[in-house]
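A look at the structure
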Amino acid sequence: FVQDYQKSTPLKIGELWALPIMLRIGILERLVYAVAELTGIDVPKGLSEIPSQFASTAPTNETIVANCFLSLRLLSATDWKDFFEQTSRVEKILSDDPAQIYAGMDFDTRNSYRSVVEELARHSNFSEEQVALTAVEFARNVEDKDIVRLRQTHVGFYLIDAGRVTLEASLRYRPGLNLRIRRALLAAPTATYLGSIAILTVLFVLGLLIYTKFSGGSLAQLILVGVLGLGLALEAAIILVHWNVTHRIKPQSLPRMDFSEGIPLGNRTMVVVPTLLESAEELNHLLQELELYYLSNPDPQLTYALLTDFGDAAAEDMPEDEELLTLASLGIEDLNKKYIHQAAPFYLFHRHRQWNPSE
């Protein structure tokens, strides 16, 4: 029904997400009327009337009540995320990502992309579909697809990365005042951070001095208050700025791929544990740890490695070095023999000592 409806009137992202809520409201309203007729209770004011033309073919109130509960249970059990992505026009457009990356991302990442599309459409004269199409076209029109510009063929480059400026200009995007102020401040984060602390410190010190002046303080007392109050004012300013930063600037998650069903080919990854090689006991612990990493993620596209260094020493080679390195090599070989069904999941990389004049 939703797919057919959108052939004439495409639904916005927010409207699609609101559909299950509206279905619940409709079912609850029908339940209220059925219960009211069964019990003789007056129907609450404000509810829309049930169309009379359905009265002759409507089921009994007892059946309606039972069906309402079954429907509410079905609504709760339905995967609305899957429903949304099957019916969303924006989702279909973004899935046409020239880099063929978008469709393989996890739900939260795709949802963050769609939220950007919503925001851009809300503050421009373009629909959500047009915004998504524009982003895809920018990605498709990248000519020089060398290794540096390859990322520009991904639609996300224009939604959440450096290409967003280009996309906003194309859409004649008009951000709100709050967003413009926020962007201006974050454009020079160091100056904003230090400047805020400096301004607040000056204001706090001025407040102390004014209070002292109006309290009849002498020049010596004013100087003493200024000197002693400077440290307190600086500390208070830093605390206040830090509080504002942590409460007003939310952390942003990096875009992520969906590897819940396993790591696909072409995404082979090595988990590397950098460590110092200083004793046999420590080495045994590291080898056990590496094995646990493998057992918790035995994906054939994942390999595990120790990246080892010898500790600081007076000479490039020490008597115990060779023995430790041999033990490490044998330990890795034993692990590979233990899990022979997978081609060499464990590796050892070792860096020999080099002289560092500054150290």
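Coordinates for the structure precede this section.
Fair warning: this is a prediction, and the values are worked out from it, not measured in the lab.

With that settled, the discussion passes to the pairing of strand β2 (residues 302–310). Most of β2 is tucked away: seven of the nine residues are buried. One ladder, built from nine bridges, connects strand β1 (residues 269–277) with β2; its direction is parallel. Its bridge partner being in β2, V271 is matched across the sheet by Y304. For the crossover from β1 across helix α13 (residues 280–296) to β2, the handedness is right-handed. Pairing between β2 and strand β3 (residues 346–351): six bridges, direction parallel. Among the inter-strand pairings, D309 is bridged to a residue of β3, identified as R351. One crossover worth recording links β2 to the parallel β3 by way of helix α14 (residues 321–338), and it is right-handed.

Taken N-terminus to C-terminus, the directions of helix α6 (residues 107–122) and helix α9 (residues 164–171) make an angle of 35 degrees; their axes are 10 Å apart at the nearest point. The chirality of how α6 crosses α9 is right-handed. Side by side, α6 and α9 meet where V116, E119 and L120 of the first sit next to R164, L167, E168 and L171 of the second. Broken down by class, the residue content of the contact of α6 with α9 amounts to four nonpolar, no polar and three charged.

Generally speaking, nonpolar side chains in soluble globular proteins are found buried as a group. Ranked by size, the top nonpolar core spans 27 residues in total, and within it L94, L120, V155, L159 and L167 carry the most contacts. Of all the secondary-structure elements, those providing two or more residues to this core are α2 (13–39), α5 (89–94), α6, α7 (128–140), α8 (156–159) and α9. When near neighbours in sequence (up to four residues on either side) are disregarded, L167 contacts L120, V131, T134, A135, F138, Y158 and L159. Listed in part, the 19 residues of the second largest apolar core include V273, L286, Y304 and L325.

By volume, the largest pocket amounts to about 1000 Å³. Together, 27 residues line the largest pocket, and V116, E119, I160, R164 and Q252 are the ones closest to its centre. The biggest single contributor to the lining of the largest pocket is α6, with six residues. Tallied by class, residues from the lining of the largest pocket come to eleven nonpolar, five polar and eleven charged.

For the rest of this paragraph, the subject is the sheet that holds β3. Taken together, the three strands give an open sheet; going across it, the order is β1-β2-β3, and neighbouring strands pair in parallel fashion. Both outer strands of the open sheet, β1 and β3, are each paired with one neighbouring strand and no more. The sheet shows a mean angle of 25 degrees between the axes of neighbouring strands, direction not considered. Its contacts with the sheet put α13 on β1, β2 and β3, and the angle it makes with β2 is roughly 160 degrees. Docked against the sheet, α14 engages β1, β2 and β3, running at close to 165 degrees with respect to β3.

Where helix α4 (residues 80–87) meets α6, the closest approach of the two axes is 13 Å, and the angle between their N-to-C directions is 50 degrees. Here α4 is positioned oblique relative to α6, judged by the angle of their axes. As for how α4 packs across α6, the hand of that crossing is left-handed. Mapping the contact onto sequence places K81, F84 and E85 in α4 and F107, R110 and R114 in α6. Within the contact of α4 with α6, the residues separate by chemical class into two nonpolar, no polar and four charged.

Tallied over the full model, the rule gives 17 salt bridges. Note that E137 and R140 form a salt bridge whose closest N and O atoms lie 2.6 Å from each other. Highlighted residues: E137 and R140, both in helix α7, separated by three residues, approximately one helical turn. The class of E137 is partly exposed, set by a relative accessible area of 35%. What makes R140 partly exposed here is its relative accessible area of 34%.

Looking now at a nonpolar patch on the surface. A cluster of nonpolar side chains, namely L177, I181, L185, L186, V245 and I249, defines an oily patch on the protein surface of about 500 Å² accessible area. Per element, the largest residue contribution to the nonpolar patch is four residues, and it comes from helix α10 (residues 177–187). Position of V245 relative to the elements: it lies in helix α12 (residues 219–248).

Another aspect to go through is the packing of aromatic side chains. Applying the stated criterion across every chain, the model contains 13 aromatic pairs. Note on Y294 and Y339: the rings are 4.8 Å apart at their centroids and 55 degrees apart in plane angle, and the pair reads as tilted. Of this pair, Y294 sits in helix α13 while Y339 is found in the loop between α14 and β3, placing the two residues 45 residues apart along the sequence. Both residues of the pair, Y294 and Y339, belong to the buried class. Site record: aromatic cluster; members linked through ring pairs are Y294, Y304, Y339 and F346.

Each value, and the rule that gives it
- Each residue is numbered by its place in its chain's sequence as written, counting from 1.
- Local features are withheld for residues below a pLDDT of 70 in this predicted model, meaning they are given only at 70 or higher, and side-chain atom pairs are given and counted only at 80 or more; totals for whole chains, interfaces and linings count all residues.
- To obtain the side-chain values, all non-hydrogen atoms of the structure were included, while hydrogens and water were left out.
- We call a residue buried when its accessible area falls under 20% of the maximum for its residue type, exposed when it is over 50%, and partly exposed in between, using a 1.4 Å probe and counting protein chains only.
- Each helix is a run of H or I in the DSSP string that is no shorter than four residues. Each strand is a run of E no shorter than two, and both are numbered from the N terminus.
- We call two strands paired when DSSP finds no fewer than two bridges between them.
- Orient the strands so they point away from the viewer, and a crossover whose first-strand-to-second-strand path over the helix runs clockwise is right-handed.
- All axes here are fitted lines through C-alpha atoms, helices being fitted over the stretch that makes contact, and every angle between N-to-C directions spans 0 to 180 degrees.
- Note on convention: the crossing is left-handed when the near helix lies turned anticlockwise from the far helix by less than a right angle, right-handed when the turn is clockwise.
- What makes two residues a contact is simply this: any of their non-hydrogen atoms within 4.5 Å.
- Three categories are distinguished: nonpolar for Ala, Val, Leu, Ile, Met, Phe, Trp, Tyr, Cys and Pro, charged for Asp, Glu, Lys and Arg, and polar for the others, with Gly belonging to the last.
- Take the buried residues of types Ala, Val, Leu, Ile, Met, Phe, Trp, Tyr and Cys, join any two whose side-chain atoms come within 4.5 Å, and each joined set is a nonpolar core.
- Using a 1 Å grid laid over the protein atoms alone, points where a 1.4 Å probe fits but cannot get out form a cavity; open sets with protein on both sides within 12 Å along at least 5 of 7 lines form a pocket; any residue with an atom within 4 Å of a point counts as lining.
- Grid points are joined across faces, edges and corners, and a volume is the space filled by probe spheres set on the points.
- Angle categories: roughly parallel below 35 degrees, roughly antiparallel above 145, roughly perpendicular from 65 to 115, and oblique for all the rest.
- Salt-bridge detection follows one rule: a side-chain nitrogen of Lys or Arg within 4 Å of a carboxyl oxygen of Asp or Glu.
- Within the patch definition used here, like charges are joined within 9 Å and nonpolar side chains (Val, Leu, Ile, Met, Phe, Trp, Tyr) within 5 Å, considering only residues with over 30% relative accessible area and no salt bridge.
- Reported accessibility uses the Shrake-Rupley method at a 1.4 Å probe radius. Residues are deemed covered only where the shown protein chains occlude them.
- A pair of aromatic rings is counted whenever rings of Phe, Tyr or Trp (Trp by its six-membered ring) have centres within 6.5 Å, and the orientation is called stacked for planes under 30 degrees apart, edge-to-face for over 60 and tilted otherwise.

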